[in-house]
Protein chains: 2
Amino acid sequence: MKVEIGHGSGGKLTKELIDRVFLKYFDFPELKSLQDATVLPVEGEKIGITTDSYVIRPLFFPGGNIGKLSICGTINDLTVSGNVPLYVSVGFIIEEGTDFEILEKIAESMAETAVKSNVKIVAGDTKVVERGKCDGVYINTTGVGKNVRNLSPLNAREGDVVIVTGFIGDHGIAISLAREEFDVETGVLSDCAPLNSLLVPLFEIPTLRWMRDPTRGGLATVLIEFSESSGLGVKLYEDKIPVREEVRFVCDMLGYDPLYLANEGKAVIVVGREDAEKTLEILKSHELGKNAEIIGEVTGDGSVQLITSIGGVRRLELLEEDPLPRIC
Amino acid sequence: MKVEIGHGSGGKLTKELIDRVFLKYFDFPELKSLQDATVLPVEGEKIGITTDSYVIRPLFFPGGNIGKLSICGTINDLTVSGNVPLYVSVGFIIEEGTDFEILEKIAESMAETAVKSNVKIVAGDTKVVERGKCDGVYINTTGVGKNVRNLSPLNAREGDVVIVTGFIGDHGIAISLAREEFDVETGVLSDCAPLNSLLVPLFEIPTLRWMRDPTRGGLATVLIEFSESSGLGVKLYEDKIPVREEVRFVCDMLGYDPLYLANEGKAVIVVGREDAEKTLEILKSHELGKNAEIIGEVTGDGSVQLITSIGGVRRLELLEEDPLPRIC
């Protein structure tokens, strides 16, 4: 069965699409009220809000799909900003002619990821657009969490430590190769994962300054933004940055830079030096953080410097153009 | 200047797009932190959440544009569900080649509508897709409000009164004619408007049961959904339903039914009979409610019946297919 334009009508067919595809998997009582807005309890005095649209190709890739990605991305954006993720809304823009089966697989993995991460899908919307518009499905996810920590580049101080939670670049390579523009097989999976169970325990670390998930633009881009926002700099040690052999190999071959490759299940963390070991210990006790490493330190010089394996210094800059590979 | 694929890169060009188009108009300090998630205060123990994607053509139409529409829609969904709207997130999917000027006009009217309605734009995201994907721009807006009333079809009782806040069908006709598929001029403007200043005062009405903004699918569809959810019915008096002469004229000519036409600045309200006059009085004291009318009553029979001007009875049903005209 395929999606028709009428499935976006707001009438019977829309109801059928929602029931057969979305409510079948999204088993959250809050969602099932199907009112214009969902009413939800919040504890505490502050919430965190984040929004993201996902427009990726292909919809399915090694290690994930657009649905899992959209839930992970929103959970991760909330978490790195000091919030415990609670609620996610989902907005689908669906291309006429898309198989129900594809949508079901996407919805199923969204629900699975949400349930596993203790997050509820509480509001939704579906629109249908004509054939050729949108690549199958675009998804917007917006998340709300309970704010626990005030994390900001402005908290950072010279001498703080920069940690990454594991291998970088896997997602960028997995997506790039999944496009079949190149005939390369590596077995590299996207690292797409919800990071709240890994990172929320760090909210207890007194000198936790700032966290970020290095998605579009990669590790280099988020550290440059950190530097611009804080007025501080970062010194990175190239040989400390965890990059898989296979990722390095593809980068060499295709001219990518792993520092600019997207990640979907990693975080960069800045903590006070006195809490660095404790932070690493917490991270390494979790499956998603077992390859965490201290990769650098915060400096006073206002730029991001990479100390290369052979001892050279390379200043990292924001890319003018699309980072390669284009992943969204 | 036109949007290029590189404006979606997450690098320098994306920053330029965000600065030049969005931050120029979205003058909300909360948004300017530009972190992955925005931290916001909430009062009270419950919040309302709603999400909607806007995929309309044309982007500009008499009485509004996709940007104004997206802010109004989210404000209205929150309000009719018993919430005071506070915060809106905005997600843009932009087609390569779109003029910056078009985006600026859209952003400007979003900001204007938000400010006028006392709502803050607090989080955002931009993605760029290739030429031909998406009609210029798709917008997702997700809103969070402070929950004040628990409104639900389940609150309704036989004998309650059904009120509409003004003329129906204007938006559907304005959009349909703006597509220039027909050579008809009527001067009908979309009713696109934020309804929180009109409807929040009704939260004081003790017997306020349920409200809804009859957008996609129109008055008939929302009342049928009300009937299905409540197990009750509705008797509507055709000659009490406010429809502009020009709208009636176009409907007759093109075979549309005003009861199924979209509205973007109207609400249907169910209140106890004892509070009907008070409700009308509050509505009529506001510019957006001056044409409010009692159009029917809640019955026990489980269906929506239209009592026609000549005394006949017509049972209203959910449309199988797209309502005409297709407006999103």
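Refer to the structure above for everything that follows.
Residues numbered from 1 in each chain as written. Chains lettered and ligands numbered in written order. Predicted model: local features only at pLDDT ≥ 70, side-chain atom pairs only at ≥ 80, totals over all residues. Heavy atoms only, no water.

Points about the side chain of His7 of chain A
Residues and elements named next belong to chain A.
Working step 1: Assignment of secondary structure puts His7 in the segment before helix 1 (12–25).
Working step 2: Polar side-chain contacts of His7 include one of 2.8 Å to the backbone nitrogen of Glu4.
Working step 3: Not counting the four nearest positions on each side in its chain, His7 is found in contact with Met1, Lys2, Leu13, Thr14, Glu16, Leu17, Phe100 and Val128. (Helix = DSSP H or I, 4+ residues; strand = E, 2+ residues; numbered from the N terminus. Polar contact = N/O pair within 3.5 Å; in protein donor to acceptor, adjacent residues only side chain to side chain. Contact = heavy atoms within 4.5 Å.)

Here's the deal with the pairing of strand 9 (residues 208–212) of chain A
Residue and element names in this part refer to chain A.
Working step 1: For strand 9, the buried fraction is high: five of the five residues fall into the buried class.
Working step 2: The pairing of strand 9 with strand 11 (residues 268–271) spans four bridges and is antiparallel. Bridged to Met211 within strand 11 is Ile269. (Buried < 20%, exposed > 50% of the residue type's maximum accessible area, 1.4 Å probe, protein only. Pairing = 2+ DSSP bridges.)

Observations concerning the sheet that holds strand 1 (residues 38–41) of chain B
Working step 1: Here five strands make up an open sheet; going across it, the order is 6(A)-5(A)-7(A)-2(A)-1(B) and the pairing mixed. Every interior strand has two partners, whereas the edge strands, strand 6 (120–129) of chain A together with strand 1 of chain B, have only one. Sheet twist, expressed as the average angle between the axes of neighbouring strands with direction ignored, equals 20°.
Working step 2: Bridge count for strand 5 (residues 83–95) of chain A against strand 7 (residues 137–147) of chain A is eleven bridges, and the pairing is antiparallel. Paired with Val84 of chain A across the strands is Lys146 of chain A, a residue of strand 7 of chain A.
Working step 3: Strands strand 5 and strand 6 of chain A of the sheet are contacted by helix 1 of chain A, whose axis makes an angle of about 130° with strand 6 of chain A.
Working step 4: Along the sheet face, helix 3 (residues 100–116) of chain A touches strand 5, strand 6 and strand 7 of chain A and points at about 10° away from the line of strand 7 of chain A. (Axes fitted to C-alpha atoms, helices over the stretch in contact; angles between N-to-C directions.)

Thoughts on helix 1 of chain A
Residue and element names in this part refer to chain A.
Working step 1: Along its 14 residues, helix 1 runs 19 Å from first to last C-alpha, staying within 8% of the 20 Å computed at 1.5 Å per residue.
Working step 2: Taking the largest bend as the criterion, helix 1 deviates by roughly 40°, centred on Asp19.
Working step 3: Among the residues of helix 1, those classed as buried are Leu13, Thr14, Leu17, Val21, Phe22 and Leu23.
Working step 4: Where helix 1 is buried, its residues contact strand 5, helix 3 and strand 6. (Expected span 1.5 Å × (residues − 1). Bend = angle between axes of the 7 residues up to and from the residue.)

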